2 protein chains.
Amino acid sequence: MSRYAIGIDFGTESARAVLVDAADGRVLSTAPCPYRHGVLDRALPGQASRLPADWALQHPGDWIEAVETLLRAMAAAGSPEDIAGIGIDFTSCTVLPSTDDGTPLCLIPEFRDEPHAWPKLWKHHAAQPYADRINARATEPGGEFLALYGGKTSSEWMWAKGWQMLAEAPPAVSRSAARWIEGGDWLIWQLVGAEVRSACQAGYKAHWQRDAGYPPRQFWEALDPALPSLLGRLAEAPRPIGTRAGGLAAVWASRTGLRAGTPVAVAAIDAHAAVPALGVHEAGELVMIMGTSTCHLLVDSRRRPVRGISGVVADGILPGLFGYEAGQASVGDIFLWFVRTAVPGRYGEAEAAAFEQLSREAAALAPGASGLLALDWWNGCRTPLVDAELSGAILGLTLTTEPADIYRALLEATACGTRRVIETFEADGVPVTALHACGGLAERNTLLLQITADVTGRPVAAARVPDASAVGAAIYAVAAAEQASDMTGAVQRMGAAERTLYRPNDAARSVYDDLYRDYLEVARHFGEGGTDLMKRLRRRRSVA
Amino acid sequence: MSRYAIGIDFGTESARAVLVDAADGRVLSTAPCPYRHGVLDRALPGQASRLPADWALQHPGDWIEAVETLLRAMAAAGSPEDIAGIGIDFTSCTVLPSTDDGTPLCLIPEFRDEPHAWPKLWKHHAAQPYADRINARATEPGGEFLALYGGKTSSEWMWAKGWQMLAEAPPAVSRSAARWIEGGDWLIWQLVGAEVRSACQAGYKAHWQRDAGYPPRQFWEALDPALPSLLGRLAEAPRPIGTRAGGLAAVWASRTGLRAGTPVAVAAIDAHAAVPALGVHEAGELVMIMGTSTCHLLVDSRRRPVRGISGVVADGILPGLFGYEAGQASVGDIFLWFVRTAVPGRYGEAEAAAFEQLSREAAALAPGASGLLALDWWNGCRTPLVDAELSGAILGLTLTTEPADIYRALLEATACGTRRVIETFEADGVPVTALHACGGLAERNTLLLQITADVTGRPVAAARVPDASAVGAAIYAVAAAEQASDMTGAVQRMGAAERTLYRPNDAARSVYDDLYRDYLEVARHFGEGGTDLMKRLRRRRSVA
């Protein structure tokens, strides 16, 4: 067995590589590489004219520059003959049009001033009208596929972005877009010299299912006769995550100092790569990546339509299992909003100090003693309601309410949101057997973790795994190189083992059972037909 | 006609006198006199032992010292033979036990260490259990009187405080309490040498009605056999406000330099005295005294039971008319809570500067454009729900919500609360023909006044009348001295005439009609049987 593996995480503003020990997952070296062009959300390179609102593009040259720089750095840190494999994870759905041979249209001189020729970054939101039109046909023939995606496609995903390109780009651009491909898959194509797409990206972002393939031609045709042409620009047989896409091309070997033929794994979505990095490989173990939002990942042997999930995909997280993704649309975002917008000056100017004082004060409060109840919908509700038009609420305010009361109520609200995700999985037939937490909040917000344990009534195992996505990508690389029937061996050996365990407190739990019932009552009233007040408020906001 | 009148306002921490021109109401001289003992809420004078929670007492010696000091100062400022009359207004219900000859029990050496022998200040809240027991019998025979008081008595009022004294004081104290009398009435008794009580205090605070008298003996008997004894300790025939209680006693003439026999008017409640000071004398003109809370006062020729008012009383605001009092339990209090609790440091440390910046930013927002909706129940809801267990709410929060959005939503919420008070009056048969605003908020919060005009769809006439209560007391004194059939002449001549008019903006009004419908929907859901969630939150707060 070779001794090392390389994982590279392609993020929004930069890429970051790790060299890990294939025996135990220890990180031996890391290196960052910021993108020269960052996020293109104001103008194209060298152009003065502004991009429209909600646009967000990237430059494929930045990815090439990063992968070359980082592979060379990792080759220098290890020794090329000891590199078992290379894995990458990528933001998704970040998607670009290319020619048949993989040339990005934006790099062809005649198209470089055309925004639609450039890669659309995951957070490009200008395709919302196309997502809306797809979702409006969810109950028409052929729309059944959406049941596996919480009932809705997203403006961030493959089909909405593709339709926008077809509908809005100059005909020469859309005609030349022989391929419509994820950035991660495109980069793998460059490295191995063959177009090998990932079931992870195809499954979660293009609605591909192992049994049914992509959603049927008739469904797309009814929406727009141009749409079925996208089917031919995707890939027919995406490969399971954790498998081999090919060997490193000779040209890349000479550019980086690595061995030609070094196994390269199919690309992964960045969040999903955290699962192997945490050492999780069993059905029912819910991984919560807690940051500005929380992403919930889970594998199971069965495929069930669960309300409001982002998707359930064969081979999408671990090969051989169905991977589920759910989400809370805002978590850390709410706390940061609170500290920046609604905490008085006596808590200090520095956010970190304010959080520390708030946490200390909030920790001294008894569960529910704030007399407040909040709905954690500052950025809408993902699972289970999939409704971006919902908004946050704080109830129970009095003249004696203190900032720490509100902060604690916000923590409790996001924990109630987490409990609701868990109960949604279980009610729809997918058992949740354990809770794992990672990400920025899991590393520093101990009060949130304790409250999450108390509200859910389950122990929360928090892990600190720096560069988790890159480490996960390296584990996928080892699995791909080993060509085992599943990834269990690599994950057990290389995934993180250390945990801090937050156990539920019985007394707190009983108060929180009541509070959670109240949360559900309010969530149902405002989110599920009791009233459409929040939509009226939102409309008033946008027209005013 | 004499040239001057004296008005003295007895507040919570101090008294304040004005000498006004009886011809036009101009204030010629003012003088303050703080109370030596302030509010007794920790211990009795000279005692170490702490008073129980929620107790608040005053020292009658402070009132005597203040009235002597201030009458002497006003006598020196005017000329005694030109003083037409003396009027006082007083906090209410501030009530004390005295002997038959008017000696306060607390000034009798054997009782001075007994808290129940001292005057209970209006904000003494320890009688809540007694108010609750009275209200629980509202639907029993004899309880009909409560319909004229929004359906509930208050722990701050005469009967709850009296019952507390009867139930908790040593028998010697309650036996010696031959009289149970408002501080304002007691002070008039001292000045004129005869016990003459005011229909204003008796009507609003002891549930006395001109036709029915006090609530019937049987009602009280059913609650506690000791309670009917209070009836004999009140006064049988309170006199209309704005009438003569008597002439200044010779002993007070010599102590103050005023003329013996100078007419003294019956006492008024401090808030109610603002109505004549504003020059308001016609039915339907709503006076809003806007401060920490808002008190709404209105006169009409008919007596109707209006939902959730504090009371409707014959001769209680102006003689010959029924006076209505309604209220919003928190207004300025909410804004102050917000600035102190939920506004970030970049708005500055000084509250005034923060309010100025918030007002400027909030004024730049379009009506309803915050996308927020708040319920103004930080201190419960007075009119129309009379429910102290309700609490505040903010709905529609997003990651882009700014402090000025919230501030504007709070202003809009209190304006919706005002509209609801107006609509409650009108729905229950009492027309509102004009809106007058005075008090601290009316003098400085121009944005609130404009939003109130826009939300109610009515012009708001704001007046700046410093020492309004004292000026009103002086107008009552002139009316009492003139012995006219009504006060119209004195009010027209002496009341403030200057107004700043805030006219409703048509475009804003139409947005606010929608917002108000939403406000009503949420208010009904949380306040009127949709859910008792807020009561559950409150209970959780108190047990935790």
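Residues numbered from 1 in each chain as written. Chains lettered and ligands numbered in written order. Predicted model: local features only at pLDDT ≥ 70, side-chain atom pairs only at ≥ 80, totals over all residues. Heavy atoms only, no water.

Draft legend 1. The pairing of strand 10 (residues 285-290) of chain B, seen in detail. All names here are of chain B. Strand 10 sits mainly inside the fold: 6 of its 6 residues count as buried. Side-chain alternation along strand 10 places Glu285, Val287 and Ile289 on one buried face and Leu286, Met288 and Met290 on a second face that is also buried. Of the pairings in the sheet, the one linking strand 10 to strand 16 (residues 434-438) comprises 5 bridges and is parallel in character. Bridging across to strand 16, Leu286 finds its partner in Leu435. The sheet contact formed by strand 10 and strand 11 (residues 294-300) spans 4 bridges and is antiparallel. If you follow Met288 over to strand 11, its bridge partner there is His296. The hairpin formed by strand 10 and strand 11 contains 3 residues between the paired strands. (Buried < 20%, exposed > 50% of the residue type's maximum accessible area, 1.4 Å probe, protein only. Helix = DSSP H or I, 4+ residues; strand = E, 2+ residues; numbered from the N terminus. Pairing = 2+ DSSP bridges.)

Draft legend 2. Spatial organisation of the nonpolar core. Counting 279 residues, the largest nonpolar core has Trp377 and Phe425 of chain A together with Trp159, Trp377 and Phe425 of chain B as the members making the most contacts within it. Listed in part, the 41 residues of the second largest apolar core include Leu51, Ala127, Tyr130 and Ala169 of chain A. (Core = buried A, V, L, I, M, F, W, Y, C linked by side-chain atoms within 4.5 Å.)

Draft legend 3. Main features of the packing of aromatic side chains. Under the defined criterion, the tally for this structure stands at 31 aromatic pairs over all chains. Centre to centre, the rings of Trp63 of chain A and Trp186 of chain A are 5.9 Å apart; their planes meet at 65°, and the pair counts as edge-to-face. With Trp63 of chain A in helix 1 (residues 60-77) and Trp186 of chain A in helix 5 (residues 183-192), this residue pair connects regions lying 123 residues apart in the sequence. Given a relative accessible area of 0%, Trp63 of chain A falls into the buried group. Aromatic pair Phe335 of chain B and Tyr407 of chain B: ring centres 6.0 Å apart, planes at 75°, arrangement edge-to-face. In this pair, Phe335 of chain B sits in helix 10 (residues 332-341) while Tyr407 of chain B sits in helix 12 (residues 403-427), placing the two residues 72 residues apart along the sequence. Both residues of the pair, Phe335 of chain B and Tyr407 of chain B, count as buried. A network of ring pairs unites the aromatic residues Phe10, Trp63, Phe90 and Trp186 of chain A as a single cluster. The ring of Trp252 of chain A carries the charged tip of Arg255 of chain A above its face, separated from the ring centre by 4.1 Å. (Phe/Tyr/Trp six-rings, centres within 6.5 Å; stacked < 30°, edge-to-face > 60°. Lys NZ or Arg CZ within 6 Å of the ring centre and 35° of its normal.)

Draft legend 4. Just the interface of chain B and chain A, in detail. Facing the 51 residues of chain B at the interface are 51 residues of chain A. Roughly 4000 Å² is buried in total at the junction of chain B and chain A, and carbon and sulfur atoms are behind 60% of that figure. There are 6 salt bridges connecting chain B and chain A. Its salt-bridge partner being Asp518 of chain B, residue Arg536 of chain A comes within 2.3 Å of it at the nearest N-O pair. Inspection of the chain B/chain A interface yields 21 residue pairs in polar contact (both at pLDDT 80 or more). Elements with a minimum of two residues in the side of chain B that touches chain A: helix 10, strand 15 (392-397), helix 12, helix 17 (506-527) and helix 18 (533-543) of chain B. Sorting elements by how many residues they give to the side of chain B that touches chain A places helix 17 of chain B first, with 8 residues. Residue composition of the side of chain B that touches chain A, by class: 26 nonpolar, 14 polar and 11 charged. Pairing geometry for strand 15 (residues 392-397) of chain A and strand 15 of chain B, over 5 bridges, is antiparallel. (Contact = heavy atoms within 4.5 Å. Buried area = accessible area lost by both parts, 1.4 Å probe. Salt bridge = Lys/Arg side-chain N within 4 Å of Asp/Glu carboxyl O. Polar contact = N/O pair within 3.5 Å; in protein donor to acceptor, adjacent residues only side chain to side chain. Nonpolar A, V, L, I, M, F, W, Y, C, P; charged D, E, K, R; others polar.)

Draft legend 5. How the structure looks around the pattern of salt bridges. Inspection of the entire model under this criterion finds 59 salt bridges over all chains. A salt bridge links Glu351 of chain A to Arg340 of chain A, with the shortest nitrogen-to-oxygen separation between them at 2.7 Å. Of this pair, Glu351 of chain A sits in helix 11 (residues 351-363) while Arg340 of chain A sits in helix 10 (residues 332-341); the two residues are 11 residues apart in sequence, bridging distant segments of the chain. Ionic pairing is found between Asp211 of chain B and Arg303 of chain B, a salt bridge with its closest N-O pair at 2.9 Å. Taken together, the positions of Asp211 of chain B in the loop between helix 6 (199-205) and helix 7 (217-223) and Arg303 of chain B in the loop between strand 11 and strand 12 (311-314) put the pair 92 residues apart, joining distant regions of the chain.

Draft legend 6. Quick peek at the relation of the copies chain B and chain A. Placing chain B over chain A gives an RMSD of 0.1 Å and needs a rotation angle of 179°, together with 0.1 Å of translation along the axis. The relationship between the two copies is best expressed as a two-fold rotation axis. (Least-squares fit on C-alpha atoms with pLDDT ≥ 70 in both.)

Draft legend 7. Molecular detail of helix 14 (residues 446-456) of chain B. Residues and elements named next belong to chain B. Of all 11 residues making up helix 14, 9 are buried, and the element is well covered by its neighbours. Looking only at helix 14, the buried set comprises Leu447, Leu448, Leu449, Ile451, Thr452, Ala453, Asp454, Val455 and Thr456. Of the residues trailing helix 14, Gly457 is marked for its positive phi of about 70°.

Draft legend 8. Spotlight on the packing of helix 11 of chain A against helix 12 (residues 403-427) of chain A. All names here are of chain A. Two elements in contact, helix 11 and helix 12, have axes whose closest approach is 9 Å; the angle formed by their N-to-C orientations is 85°. For the element pair helix 11 / helix 12, the angle class is roughly perpendicular. Contact residues: helix 11 offers Phe355, Leu358, Ser359, Glu361, Ala362 and Ala363, while helix 12 offers Pro403, Ala404, Tyr407 and Arg408. Tallied by class, residues from the contact of helix 11 with helix 12 come to 7 nonpolar, 1 polar and 2 charged. (Axes fitted to C-alpha atoms, helices over the stretch in contact; angles between N-to-C directions. Parallel < 35°, antiparallel > 145°, perpendicular 65-115°, else oblique.)

Draft legend 9. Quick peek at the state of the cysteines. Residue and element names in this part refer to chain B. Summed over all chains, the structure comprises 0 disulfides over all chains. With no disulfide of its own, Cys200 lies closest to Cys295 among cysteine sulfurs, the gap being 10 Å. Of the residues examined, Cys200 reaches a relative accessible area of 0% and is grouped as buried. Considering cysteine sulfurs only, Cys416 is the nearest to Cys381, which forms no disulfide, with 13 Å between them. (Disulfide = S-S within 2.5 Å.)

Draft legend 10. Region of the structure containing the side chain of Thr12 of chain A. All names here are of chain A. Summarising the element assignment, Thr12 is placed in the loop between strand 1 (4-10) and strand 2 (14-21). On the basis of relative accessibility, which here comes to 19%, the residue Thr12 falls in the buried class. Within polar-contact distance, the side chain of Thr12 engages the side chain of Trp122 at 3.0 Å. If we ignore the near neighbours within four places in the chain, the residues touching Thr12 are Tyr35, Val39, Gln58, Thr91, Leu121, Trp122 and Lys123.

Draft legend 11. The arrangement of the sheet that holds strand 18 (residues 500-502) of chain B in detail. Residue and element names in this part refer to chain B. Spatially, 7 strands are ordered 12-13-11-10-16-17-18 in an open sheet, and the strand pairing comes out mixed. Single-partner strands in this sheet number two, and they are strand 12 and strand 18. Taking each pair of neighbouring strands and ignoring which way they run, the sheet shows an average axis angle of 25°. Across the sheet, helix 12 touches strand 10, strand 11, strand 13 (322-328) and strand 16, and the angle it forms with strand 13 is around 150°.

Draft legend 12. Molecular detail of the packing of helix 12 of chain B against helix 17 of chain B. All names here are of chain B. Two elements in contact, helix 12 and helix 17, have axes whose closest approach is 10 Å; the angle formed by their N-to-C orientations is 80°. Considering their axes alone, helix 12 and helix 17 lie roughly perpendicular with respect to each other. The residues of helix 17 that touch helix 12, namely those facing Arg408, Glu412, Ala413, Cys416, Gly417, Arg419, Arg420 and Glu423, are Tyr512, Asp513, Leu515, Tyr516, Tyr519, Leu520, Ala523 and Arg524. Grouping the constituent residues of the contact of helix 12 with helix 17 by class yields 8 nonpolar, 1 polar and 7 charged.

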